[in-house]
Amino acid sequence: DDDDDDDAALDAEREILDCCAAGLAACARAGNAAGLARDVASALLAPRLGHAATSLEREFFAWALCLGADLSEAASDASLDRLLQPAALAAAASRAPELRQAGVWALGALATTGRAAPNGGPEALVEALARFPRNGEAGPHDMAFENAVAAAFRCLPFCRDEALARAAFAGLPLFLDVAAAREAHATALALLPESAYERARFAEALRAAPVAVPPPPWALGVLRNDLPAAAAARAFRRFGFDAAAARSAAQKALDDA
């Protein structure tokens, strides 16, 4: 029927957008990143970062923000920064978890070059962690919380903000996104005082974290094929956009949970 046709068309558009995002990010890493970032920012990102009233608009807003974050890590471009920073700050404060995930993710990406730290990034992350704590369901709210913690640890090497450090350490350990967890835990360990006792206590706390955790939402979404576009792009990016490898990893994550 018409609804099925609409759903199929939307799924096809999501796949095209994901492929485009992967290709644009690869081109930015390989070539004229600054010029590409300017073109993408004006032609592709700006139209999608203006409104997020409906669920579909929020999905494409998050997709555009994640693509912009990927480009920002490959290129330092003022026009891209001007577009991304206010959008990321607004998304990080959103009640919609898919927008918060994208917003804090973008703040963390901007922080890798130090560009987000002086422009409200730490304050936005502290507020997001305080207003939207884990709810224990290992769903989008918990993923947004863990993304905010991971983003905080990406900011801290460039901005030694005491409130941000307290909020970030209080959010450990992370377990929903393994790659982000490893990076955050390694940064946390590096930021600890040069004390064998403190480092040993931190390592023990991570080892003592619950072993049995709920299945990660990215794995459930991959197997059910119902991840939002931005989350799907992040999930499949880990496996070189190899769908079979992503599904195999997702199934293993569920078996191990």
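Just above, that's the structure.
Residues numbered from 1 in each chain as written. Predicted model: local features only at pLDDT ≥ 70, side-chain atom pairs only at ≥ 80, totals over all residues. Heavy atoms only, no water.

Draft legend 1. Local environment of helix α7 (residues 140-155). Along its 16 residues, α7 runs 22 Å from first to last C-alpha, staying within 8% of the 22 Å computed at 1.5 Å per residue. Of all 16 residues in α7, 13 are buried, a share of seventy percent or more. (Helix = DSSP H or I, 4+ residues; strand = E, 2+ residues; numbered from the N terminus. Expected span 1.5 Å × (residues − 1). Buried < 20%, exposed > 50% of the residue type's maximum accessible area, 1.4 Å probe, protein only.)

Draft legend 2. How the structure looks around the pattern of salt bridges. Summed over the entire model, instances satisfying the criterion amount to 5 salt bridges. Salt-bridge contacts for Arg131 lead to Glu127; the nearest nitrogen and oxygen are separated by 3.7 Å. A residue pair is termed a helical-turn pair when its members lie 3 or 4 positions apart in one helix, as Arg131 and Glu127 do in helix α6 (residues 121-131) at 4 residues. Across the salt bridge formed by Glu162 and Arg166, the nearest N and O atoms sit 3.0 Å from each other. Residue Glu162 and its partner Arg166 are located together in helix α8 (residues 162-170), separated by 4 residues, close to a single helical turn. (Salt bridge = Lys/Arg side-chain N within 4 Å of Asp/Glu carboxyl O.)

Draft legend 3. Region of interest: empty space enclosed by the protein. Taken as a whole and judged by the stated rule, the model has 2 cavities of 30 Å³ or more. Here the largest cavity is characterised by a volume of approximately 50 Å³. If you trace the largest cavity, you find it lined by Arg100, Val104, Ala128, Leu129, Phe132, His141, Ala144, Phe145 and Ala148. At the level of secondary structure, the elements contributing two or more residues to the lining of the largest cavity comprise α5 (97-111), α6 and α7. In terms of residues, the lining of the largest cavity owes the most to one element, α7, which gives 4 residues. Residue composition of the lining of the largest cavity, grouped by class: 7 nonpolar, 1 polar and 1 charged. (1 Å grid on protein atoms, 1.4 Å probe; cavity = no way out; pocket = protein on both sides within 12 Å on 5 of 7 lines; lining within 4 Å. Points joined across faces, edges and corners; volume = space filled by probe spheres on them. Nonpolar A, V, L, I, M, F, W, Y, C, P; charged D, E, K, R; others polar.)

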